[in-house]
Amino acid sequence: MTDAQRESPPPGPGFEFGVLGPLKVLHDGDPVTIGAAKQRVLLASLLIDANRVVPVETLTARLWGETPPEGARNALQNYVMRLRRVLGGAGGSDPVLTRPQGYLIGVADGAVDLHRFDALVRRARAAVTVGEADQASALLREALGLWRGQPLSDVPSELLQREVVPALAERRLGAVELRIQADLALGRHGDVLPELRELTATHPLRERFWAQRMLALCRSGRQGEALQCYRTVGELLSEELGIDPGAELRELHRRLLAADPALAGSGPSGGGTSTLPGARSGDTRPAAGLPTEMTTFAGRERQLAEAQRLLTQARDRFRQGGEVGDAHTATTMRAMAAALLGAWAHMAAFAHGAHTEDVIGLALDENPVSGEATGREPVKTAPTVHKPDGTTLSHGNTS
């Protein structure tokens, strides 16, 4: 619809319309029945572009599809006349107006539920940009509460169902994503988990819901389940589309493996508005508590070698009990060893095409974080990493 087709006609007084579900018409709070199927298609077509001129060609296509009957223009005029009669009979002035290019329906601000939904979402995004996650969550709940089911579910138009309804459903899912992110910023990870389980089942290829589920699981102390989610969505994307998970999921996966403390969030608050990983510049979706990755390890063989050297030194000193003077020093050494192991594992995996899971934990015979025995024999030589091409990578081999 062009700017030239936008108008601000006197709205039909007392009318309220609903398209976020079965078509609904109220006048002064009383329902108005639109019984004929073609009249419902015509009214829905006008309401989708309320206060704008809808060309005759567009209305004809929405009423009859690609093969309109002979005399379609005259038939359209008859349907408009009958719709006016129904709406006018409800009282007040007729909101359907004729223009040279087509027709429009004049509505007051907020008279269409779709307009109210869009206005609430815009306010929620504005709240996100200033760190008001609590307000954003409340506004989005109000917006989503306007939905009464499948939009235009009783409107028999192939064109509307194919082109308009999916776009409306996408706007709803975007609002759901935004509301869940606001709830995660408020520390409501336990509350959103059941919803996210259902959403990932209903929309299995929508990666944002998987990322939100993984983060909620992580913040609930269920890192193993979060990693299993990554494997599940990875298999789904590979089987259905032949692709790997996107940048956001891959980044979140790496941080889960590294036990990134930033994933824990800051608990209930009104904040949480930093940019999501993988989000486009200017994206106003609130943050999931994931900081932007500052660097990668590609091509850093020198740092890899140094990390390996320091790790070996830290491991050897830690095993020589006589050189560790007190509990504080022992704790420091353990932390040093864990940090170096994490750096080494990430650089080895990223730089040489190996999987981090194949690297992490092999260099120590203890869990690098908890210090508990793993049940493996101590590693006397450097670990061997199996690369995807079938070759191997061992300590000192950077080929």
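Just so we're clear, the structure is a prediction, and the values are computed from it rather than from any experiment.

Participant: What exactly am I supposed to notice about the overall build of the chain here?
Facilitator: Across its full length, the chain carries 13 helices and eight strands. Expressed as a percentage of its 399 residues, the buried residues of the chain come to 42%. The contacts in the chain between residues at least 6 apart in sequence include a share of 64% that link residues at least 24 apart. Counting only carbon and sulfur atoms, one obtains 51% of the accessible surface of the chain, whose full area is about 19,800 Å².

Participant: I'm lost on the pairing of strand 5 (residues 96-99) in this one. Help?
Facilitator: Regular strands place their side chains on alternate faces of the sheet. Of the pairings in the sheet, the one linking strand 5 to strand 6 (residues 102-105) comprises four bridges and is antiparallel in character. Within strand 6, the position partnered with Val96 by the bridge is Ile105.

Participant: How do you make sense of the sheet that holds strand 3 (residues 30-31) when you look at a structure like this?
Facilitator: Across a sheet, strands are paired by hydrogen bonds formed along the backbone, either parallel or antiparallel in direction. Taken in spatial order, the three strands make up an open sheet running 1-2-3, and their pairing is antiparallel. In this open sheet, the two edge strands, each paired with only one partner strand, are strand 1 (15-18) and strand 3. Bridging between strand 2 (residues 24-27) and strand 3 involves two bridges; their strand directions are antiparallel. Counterpart to His27 in the pairing with strand 3 is Asp30.

Participant: Honestly, the nonpolar core in this entry has me stumped. Any pointers?
Facilitator: Across soluble globular proteins, nonpolar side chains have a tendency to be buried as a group. Formed by 80 residues in total, the largest nonpolar core has its most connected members in Phe17, Leu43, Leu46, Leu47, Ile105 and Phe117. With eleven residues, helix 6 (residues 158-185) is the largest single contributor of residues to this core.

Participant: Help me understand a nonpolar patch on the surface, please; the structure alone is not making it clear to me.
Facilitator: A cluster of nonpolar side chains, namely Leu205, Leu241 and Ile243, defines an oily patch on the protein surface of about 250 Å² accessible area. Structurally, Ile243 is set in the loop between helix 9 (223-241) and helix 10 (247-257). For Ile243, a relative accessible area of 38% translates into the label partly exposed.

Participant: Before we go on, may I ask you to explain the confidence of the model for the chain in this structure?
Facilitator: Predicted coordinates in areas of low pLDDT are best not read in detail. For the chain, per-residue confidence averages 77 on the pLDDT scale, and 62% of positions sit at 70 or higher. Within the chain, helix 13 (residues 356-359) has the poorest average pLDDT of any element, 45, and helix 5 (residues 133-144) the best, 98. Within the model, the stretch residues 268-300 combines pLDDT values under 50 with 77 contacts to residues more than four positions away or in other chains.

Cut-offs and rules
- Residues numbered from 1 in each chain as written.
- Predicted model: local features only at pLDDT ≥ 70, side-chain atom pairs only at ≥ 80, totals over all residues.
- Heavy atoms only, no water.
- Helix = DSSP H or I, 4+ residues; strand = E, 2+ residues; numbered from the N terminus.
- Buried < 20%, exposed > 50% of the residue type's maximum accessible area, 1.4 Å probe, protein only.
- Contact = heavy atoms within 4.5 Å.
- Areas by Shrake-Rupley, 256 points an atom, 1.4 Å probe, with all protein chains shown as cover.
- Pairing = 2+ DSSP bridges.
- Core = buried A, V, L, I, M, F, W, Y, C linked by side-chain atoms within 4.5 Å.
- Patch = residues over 30% accessible without salt bridge, like charges linked within 9 Å, V, L, I, M, F, W, Y side chains within 5 Å.
- Salt bridge = Lys/Arg side-chain N within 4 Å of Asp/Glu carboxyl O.
- pLDDT = per-residue confidence, 0-100.

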